[in-house]
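Results of the structural survey
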Amino acid sequence: MKIMKIIKIKLLILLLLSCFVNANEEIQNHSDNTIKDLDIFIVEKKDNPIFYFTSVSEKINFNSYDENGNARIVPHLIPDEIGNYKKDSYKLTKIYRQRFLKEAGISEDDNFYLYDYEHNRLITYPIRKLEAFAIINIYSIGKTPHHDEKSYQFGFKLNLKQLPNLNPKNTFVYIGKESPFAMQQLTRIDWQKIDNQDFPNVSNNNDTSVQNSITQSYLAQLNELNYYLQDEIIKHDNFTGTYHRKLVIADNEKNIFTYFEYSHTESSRIGSLTDKDFNEMNKDKWTGKLFKNQPLVAFGFESMIFPYSYIYYIDPLYTFKRLDIKSDYRQEDHRSR
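Scope of this entry: the structure provided in the associated data block. Here the structure is a predicted model, which means the values were calculated and not measured.

1. Concerning the overall build of the protein chain
If you tally the helices and strands in the protein chain, you get two helices and 21 strands. When each of the 337 residues of the protein chain is scored for burial, the buried share is 46%. Sequence-distant contacts in the protein chain: of pairs separated by 6 or more residues, those separated by 24 or more amount to 62%. Of the accessible surface of the protein chain, which amounts to about 19,100 Å², a share of 50% is contributed by carbon and sulfur atoms.

2. A word on unusual backbone geometry
Residue lysine 94 is not a glycine yet carries a positive backbone phi of 50°. Relative to the helices and strands, lysine 94 is located in helix H2 (residues 94–104). Looking at lysine 94, the relative accessible area reads 69%, which means it is exposed. Although it is not a glycine, asparagine 223 adopts a positive phi angle of roughly 55°. Mapped onto the secondary structure, asparagine 223 falls in the loop between strand E12 (213–222) and strand E13 (225–235). Relative accessible area serves as the criterion here: at 39%, asparagine 223 is assigned to the partly exposed category.

3. With respect to the pattern of salt bridges
For the structure on display, the rule yields 11 salt bridges. Between aspartate 116 and arginine 121 there is a salt bridge whose closest N-O contact spans 3.1 Å. By relative accessible area, which is 1% here, aspartate 116 ends up buried. In this structure arginine 121 comes out as partly exposed when scored by relative accessible area, which is 25%. Each of the salt bridges in this network shares a partner with another, and the network as a whole consists of Asp39, Lys59 and Lys326.

4. Considerations on the nonpolar core
The nonpolar side chains of a soluble globular protein tend to be buried, and buried together. Judged by nonpolar contacts, the single largest core of 31 residues is most densely connected at Phe100, Phe154 and Phe156. If one sorts the elements of this core by residue count, strand E8 (residues 152–158) sits on top with four residues. Excluding residues within four positions of it along the chain, phenylalanine 156 makes contact with Tyr52, Phe53, Thr54, Val56, Phe100, Leu101, Ile106, Ile127, Leu130, Glu131, Ala132 and Ile175. Of all hydrophobic cores here, the second largest spans 20 residues; its members include Ile40, Tyr117, Phe172 and Val297.

5. Let's talk about the sheet that holds E8
Spatially, E2-E3-E8-E7-E4 is the arrangement adopted by the five strands of the open sheet, whose pairing is antiparallel. Either end of the sheet is taken by a strand with one partner, and the two such strands are strand E2 (44–46) and strand E4 (89–92). Put simply, the sheet's adjacent strands are angled 40° from each other on average, direction ignored. Judged from the three bridges that link them, E2 and strand E3 (residues 51–55) form a sheet pairing that is antiparallel. Note on E3: the bridge partner recorded for glutamate 44 is phenylalanine 53. Across the sheet, H2 is in contact with E4, strand E7 (131–136) and E8; its angle to E8 comes to roughly 105°.

Reading guide: rules and limits
- Residues numbered from 1 in each chain as written.
- Predicted model: local features only at pLDDT ≥ 70, side-chain atom pairs only at ≥ 80, totals over all residues.
- Heavy atoms only, no water.
- Helix = DSSP H or I, 4+ residues; strand = E, 2+ residues; numbered from the N terminus.
- Buried < 20%, exposed > 50% of the residue type's maximum accessible area, 1.4 Å probe, protein only.
- Contact = heavy atoms within 4.5 Å.
- Areas by Shrake-Rupley, 256 points an atom, 1.4 Å probe, with all protein chains shown as cover.
- Salt bridge = Lys/Arg side-chain N within 4 Å of Asp/Glu carboxyl O.
- Core = buried A, V, L, I, M, F, W, Y, C linked by side-chain atoms within 4.5 Å.
- Pairing = 2+ DSSP bridges.
- Axes fitted to C-alpha atoms, helices over the stretch in contact; angles between N-to-C directions.

Next up, the structure:
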């Protein structure tokens, strides 16, 4: 009887361990797949006249050849009855709309979900009720003719009445059958200065060769986590700017969930930083529960030449993982994926 009991206990332990391993594998696989598959876009404000536009061009694999391998003389996705391709904007209708949706992997049955995270507001429109357009990108304005489809942004146009009282800077867009947004109010991060020695010792990448530079550290405590941020700041007579930044998010036991470093480059800038005494309008760093069935996130720590960059996950399974925001500000020769 004793032997049978021991055997049963061992079998039970093995079963529990197996379940634990499988559960961990499932979480890890789910995490990786979700990050790859979640396409988050932005809203731009255009003018002449003023309207809102979401480009999905980063989902399109632009091809200069037809299905037979022959070079396309005219664009595949852009209608032009005259054939001179000199217009800056084309409405996509009928066959051109069908081609565009197919290339972008979007269905007429999908929905356009716009999440205003500043006010925790979700605006939804069926794709079939939105106008599709090809609009010249900023790198190609003034150049004609535009035979290359990569000279255009392809996406959806919305008028001011469709998106009332909107600050497009504080919104994300998802297109699909179901909204991924958790609808839990995100929090702007308030920072307090701390001694540099209180910043976690995570790397030794400080560039001491930069003259007239100082190190400044900050802390914010939210969601039972500690958000540490450290800037390397250069000072000149008429200029002060951050050239390197570290972000560390850890729990109260100092277990690090997220750690990233940013540098000032040709294509990106380090976002300005304010503490809690500064004007509310300058606080553009956010954290909280953005997506359903996903860990907490944080974003707004760097500022690209054009808006938006990455959403960072705050979770041990997501360490060093971020979600690229599809903002479609790419040079022409970088637009094919």
